[in-house]
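# Coordinate analysis (summary)
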Amino acid sequence: MSDLPSHRLDPRMLRVWYVSDIIGIVVVAALAVAAWLIVRHLGGDVFWVYLVAGVIEAICVVDLLVSPRVEYATWRYDVTPTDVDLYHGVFTKKRVLVPLVRVQHVQTKQGPILRAHGLATVTISTAGESFEIPGLAEDDANELRDRVAELARLAKEDV
Amino acid sequence: MSAGEKDLERLAVPSRSLFEGADTTPEALRGTHRANPLSVLAEALKMASGPVVLVAFGLARDFFAGDILALAKLALAAVGIFTVCLLLSFAVWRARTWELTAEGVRLCWGLGWGPFSRRSLTVPYEHIHTVSMNSALMERLLGLVALDLDTGAAASEGDASKISGLRAGEAEALRAELFRRKRAAAGQVEKDEKDVAPTAEHPLAIFSLEGRELALAAASQMSAGSQAIALVVLLVNGANQLIEWGLLDVVGRGDELMVGLSPMIVPVVLAFLAITLLLGAAVSFVVNLVRYAGYRVERYADRVVVEHGLLSRSSRALAAGRVQYVAVRQGILRQLIGYAEVTAQVVAAPGEKDGEPSGSVLLHPFIRLGEVDAFLAEVLPDCSGVLGHVELGKLGPVARRRAVVRAVIWWPFATAIFLGAQWLFGLSGLLESAGWLLEPLLIAAAVLSVVLLVGLVVDALRAWGAARYGHTARELVLVTGGLTRLTVIAPRTRLQRMEMRASPFQRRAGVATLSARTAAGDADGLELRDLPEEAADELLAWYRPRG
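Residues numbered from 1 in each chain as written. Chains lettered and ligands numbered in written order. Predicted model: local features only at pLDDT ≥ 70, side-chain atom pairs only at ≥ 80, totals over all residues. Heavy atoms only, no water.

The next thing to look at is the pairing of strand E2 (residues 83-88) of chain A. All names here are of chain A. When you tally the buried positions in E2, you get five out of six residues, the bulk of the element. Pairing geometry for strand E1 (residues 76-79) and E2, over four bridges, is antiparallel. Bridge pairing in E2 links Tyr-77 to Leu-86. What sits between the antiparallel neighbours E1 and E2 is a turn of three residues. Bridge count between E2 and strand E3 (residues 93-99): six bridges; the pairing is antiparallel. Paired with Asp-85 across the strands is Leu-97, a residue of E3. The antiparallel pairing of E2 with E3 creates a hairpin that spans four residues between the two strands, and Gly-89 there sits at a positive phi of about 130°. (Buried < 20%, exposed > 50% of the residue type's maximum accessible area, 1.4 Å probe, protein only. Helix = DSSP H or I, 4+ residues; strand = E, 2+ residues; numbered from the N terminus. Pairing = 2+ DSSP bridges.)

So this is what it looks like as structure tokens:
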């Protein structure tokens with residue numbers, strides 16, 4: 001694909017992804033322990049719990065090792081005066097083009113993990129769909145949100 | 001007052017109505033209105049019919065057991081239910097009003113207590129996308145019509161934006177008035193147009209479908225399969241019900257029945273299949289005939305009005321400027337005879353309207369492929385001058401290989417899973433115990449899977465051969481689909497986004513998938529797989545706003 005967008009995500013996003021993946025692994029482990037207790041209490045075969053939990057944990061660990069790095073290396077975005085240009089994806093690489101005329105609203109979002117790292121997510125909504133740029137530095141995100149909103153206001157057209 | 005003065009005045013006093021002064025609103029549409037009182041009866045009958053049928057089913061067993069009193073009980077229950085429904089629908093009718101205000105259509109409803117608090121909704125005229133006029137069988141008998149307004153709102157207004165219980169003439173006048181006000185609100189009214197009463201408006205073009213074409217249209221749109229399945233479901237349910245009522249006694253006689261049938265099981269099953277398919281074809285033909293009968297499309301300056309239906313009449317008026325994209329659809333039969341169906345996709349609440357998805361409005365059910373462009377030029381000029389004039393690209397041989405692989409890849413997996421399951425759970429033991437049932441089922445499944453495989457491969461090859469992509473200065477054109485071919489014309493200004501994506505396999509083969517979305521919920525035909533990467537790039541560059 002020719003001339004990809006130029007901006008990249010904040011490097012701190014990599015840590016955010018790692019942290020949230022680890023939380024996921026811990027939650028799965030906790031659920032597995034609970035299931036193990038219940039199955040043992042009911043006198044069932046614990047082998048199945050080991051099997052299912054093991055498979056899920058293995059998938060989570062592989063995901064942890066692969067996707068944040070690939071995702072970070074892939075993510076590119078641009079907000080030009082006319083459009084929003086996104087490029088991302090782990091296996092399937094997606095390139096999305098959203099003209100600012102079509103943008104209905106923009107919002108920034110911060111979960112606890114993102115806030116701890118001083119990052120924010122920008123969501124750009126059109127009539128029907130919305131697109132996310134995860135992990136921008138807070139100020140960048142706010143500025144981007146305001147810019148997209150301003151440009152969308154200037155670009156006048158109706159559904 | 002000249003148009004310029006009027007504009008000045010509007011700027012100076014924004015609170016003043018656009019529609020003051022030379023008010024051409026028909027007398028009958030001014031003020032606050034309720035539905036026609038007849039609709040109380042219609043609503044009550046509709047509401048009551050469900051519970052009454054349920055009670056009838058409940059009492060059927062007694063009746064078949066020889067209890068004549070069951071009929072009296074049923075009559076009593078029906079009267080009771082109907083009275084309650086009549087009271088309810090009267091209350092609802094009293095609460096529901098509509099009014100044409102300066103800002104928009106104002107609809108009020110809600111009984112005014114508890115969860116049914118009084119509500120009102122104002123639909124601004126300029127945001128009306130489509131106005132559907134429906135009349136179900138019951139309403140038709142009473143001469144009533146319902147108008148449903150659709151805006152581009154993300155959340156559906158559902159029944160809230162419905163004006164029901166109008167007299168046919170009244171509905172027609174109201175719709176014309178709504179569109180006149182929409183034009184006025186958008187500032188598109190020409191000076192001399194103001195004085196023209198809305199009823200005097202003449203359609204610019206009319207198309208309709210009659211006689212032989214209607215029959216052909218209904219025949220070529222047959223879906224014998226789905227109707228046959230519906231029929232089988234109905235039969236099974238019916239048999240079940242008969243057994244429950246004790247009219248059909250088969251309990252504990254399964255083996256006996258099977259022994260009687262087993263020597264001729266294959267011919268019986270085949271005959272049953274043939275009969276249901278034939279019946280399904282006939283039913284589907286009649287359904288289509290009833291649906292397409294009286295089809296008529298009229299084009300006015302700012303809107304397209306589509307009418308069809310024999311028993312329940314429907315008429316939808318769509319604002320011409322709000323059509324998201326046009327789809328030309330050809331089933332396998334229609335591909336052979338070179339005819340197609342033209343639909344316009346609009347923004348609408350999800351769900352169905354008269355058996356069609358509400359986001360797609362049938363513009364023409366049956367038109368020769370070569371005449372589609374001329375038809376569009378008359379009905380939706382925005383999307384005309386494209387078909388037959390635009391240069392379209394084809395997919396490369398790589399795409400064919402990938403399509404065939406996609407079509408067959410599930411088969412080895414499914415077979416492996418089946419064999420694995422057999423090996424794991426010892427299906428062979430099961431085979432011995434219930435062989436009479438499982439063996440034919442297995443054979444049937446194997447045969448069906450091969451048939452499916454062949455069908456999918458044929459579909460994939462046809463889809464590859466037919467797939468096209470291209471664009472004019474203003475429209476994107478995509479042709480997709482094998483058994484059902486879909487040609488899509490989407491104006492660039494209607495596309496909300498365009499996406500190009502490629503899996504690792506696609507990247508290695510140098511192809512990509514292109515997909516676009518409009519504001520319409522439906523995105524049928526707006527995605528094309530495996531077009532060359534450069535072509536996808538070029539389309540993306542075309543889509544990118546300039547300046």
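Moving on from the model shown.
Moving on, we come to the interface of chain B and chain A. With 29 residues of chain B at the interface, the matching set in chain A holds 22 residues. Overall, the association of chain B and chain A removes approximately 2,200 Å² of surface from exposure, summing both partners, and the carbon and sulfur fraction of that is 52%. On the chain B side of the interface with chain A, the three residues burying the most area are Gln-496, Arg-544 and Pro-545 of chain B, jointly 26% of the side's total. For the interface between chain B and chain A, the tally reads three salt bridges. Among the ionic pairs, Arg-544 of chain B bridges to Asp-83 of chain A, the shortest N-O distance being 3.3 Å. (Contact = heavy atoms within 4.5 Å. Buried area = accessible area lost by both parts, 1.4 Å probe. Salt bridge = Lys/Arg side-chain N within 4 Å of Asp/Glu carboxyl O.)

Quick look at the sheet that holds strand E4 (residues 103-109) of chain A now. Residue and element names in this part refer to chain A. Strand order in this open sheet of three strands is E4-E5-E6, and the pairing throughout is antiparallel. On the outer flanks of this sheet lie E4 and strand E6 (130-137), each paired with one strand and no other. Averaged over all pairs of adjacent strands, the angle between their axes in this sheet comes to 20°, without regard to strand direction. (Axes fitted to C-alpha atoms, helices over the stretch in contact; angles between N-to-C directions.)

Now for the sheet that holds strand E5 (residues 128-135) of chain B. Adjacent strands of a sheet form backbone hydrogen bonds with each other and so pair up, either parallel or antiparallel. Residue and element names in this part refer to chain B. Pairing in this open sheet of seven strands is antiparallel, and the strands run E7-E6-E5-E11-E10-E9-E8 from one edge to the other. Lying at the two open borders of the sheet, with one neighbouring strand each, are strand E7 (162-167) and strand E8 (205-208). Looking at each pair of strands side by side, their axes are set apart by 15° on average, direction ignored. Pairing between strand E6 (residues 144-151) and E7: four bridges, direction antiparallel. Within E7, the residue paired with Asp-148 across the bridge is Lys-162. Against the sheet, helix H5 (residues 168-185) makes contact with E5, E6, E7, strand E10 (303-308) and strand E11 (313-319), and its axis sits at roughly 135° relative to E7, the strand it touches most.

Attention now goes to a nonpolar patch on the surface. All names here are of chain B. Taken together, Leu-216, Ile-332, Leu-333, Leu-336, Ile-337, Val-450, Val-454, Val-458 and Leu-483 make up a surface patch of nonpolar side chains, about 740 Å² in accessible area. Secondary structure elements with two or more residues in the nonpolar patch: helix H10 (332-337) and helix H15 (435-466). A per-element tally of the nonpolar patch places H10 first, with four residues. Looking at the secondary structure, you find Val-454 in helix H15. (Patch = residues over 30% accessible without salt bridge, like charges linked within 9 Å, V, L, I, M, F, W, Y side chains within 5 Å. Areas by Shrake-Rupley, 256 points an atom, 1.4 Å probe, with all protein chains shown as cover.)

So, on to a positive patch on the surface. Residue and element names in this part refer to chain B. Residues Arg-34, Arg-94, Arg-106 and Arg-118 make up a contiguous surface patch of positive charge. As for its placement among the helices and strands, Arg-94 is situated in helix H3 (residues 69-95). Arg-94 sits in the partly exposed class, given a relative accessible area of 48%. (Lys, Arg positive; Asp, Glu negative; His and termini not counted. Charge placed at Lys NZ, Arg CZ, Asp CG, Glu CD.)

Each regular strand carries side chains that alternate between the two faces of the sheet. Residue and element names in this part refer to chain B. The buried fraction of E6 is high, at eight of eight residues. The two faces of E6 match: Leu-144, Ala-146, Asp-148 and Asp-150 on one face and Val-145, Leu-147, Leu-149 and Thr-151 on the other face are all buried. Pairing of E5 with E6 involves six bridges; the strand directions are antiparallel. The residue of E6 that forms the bridge with Asn-134 is Ala-146.

Now for the nonpolar core. Most often, soluble globular proteins have nonpolar side chains that are buried together. Residue and element names in this part refer to chain B. The biggest cluster of nonpolar side chains holds 34 residues, and the ones touching the most others in it are Val-304, Val-306, Leu-318, Val-342, Leu-363, Phe-375 and Leu-380. Listing elements by their share of this core, those giving two or more residues are helix H6 (211-220), E10, strand E12 (325-330), strand E13 (339-345), strand E16 (360-368) and helix H11 (372-379). With five residues, the top contributor of residues to this core is E16. When sequence neighbours within four positions are dropped, the list of residues in contact with Leu-380 reads Val-304, Ala-320, Val-323, Val-326, Ala-344 and Leu-363. (Core = buried A, V, L, I, M, F, W, Y, C linked by side-chain atoms within 4.5 Å.)

Between two packed helices, both the angle of their axes relative to each other and the distance between the axes serve to describe the pair. All names here are of chain A. One way to put it is that helix H1 (residues 12-42) packs onto helix H2 (residues 47-74) with a least axis distance of 10 Å and a crossing angle of 175°. Taken together, the axes of H1 and H2 are roughly antiparallel relative to one another. The class makeup of the residues in the contact of H1 with H2 is 20 nonpolar, no polar and five charged. (Parallel < 35°, antiparallel > 145°, perpendicular 65-115°, else oblique. Nonpolar A, V, L, I, M, F, W, Y, C, P; charged D, E, K, R; others polar.)

Chain-level pLDDT for chain B is 82 on average; 85% of the residues reach the 70-or-more range. Scoring the predicted complex yields pTM 0.77 and, for the interface, ipTM 0.84. (pLDDT = per-residue confidence, 0-100.)

With that out of the way, let us pick up the environment of Leu-69 of chain B. Residue and element names in this part refer to chain B. Counting through the fold element by element, Leu-69 comes out in helix H3. Taking relative accessible area as the criterion, Leu-69 reaches 57% and is therefore assigned exposed. On a C-alpha basis, the gap between Leu-69 and Leu-45 in space is 24 Å, while along the polypeptide they are 24 residues apart.

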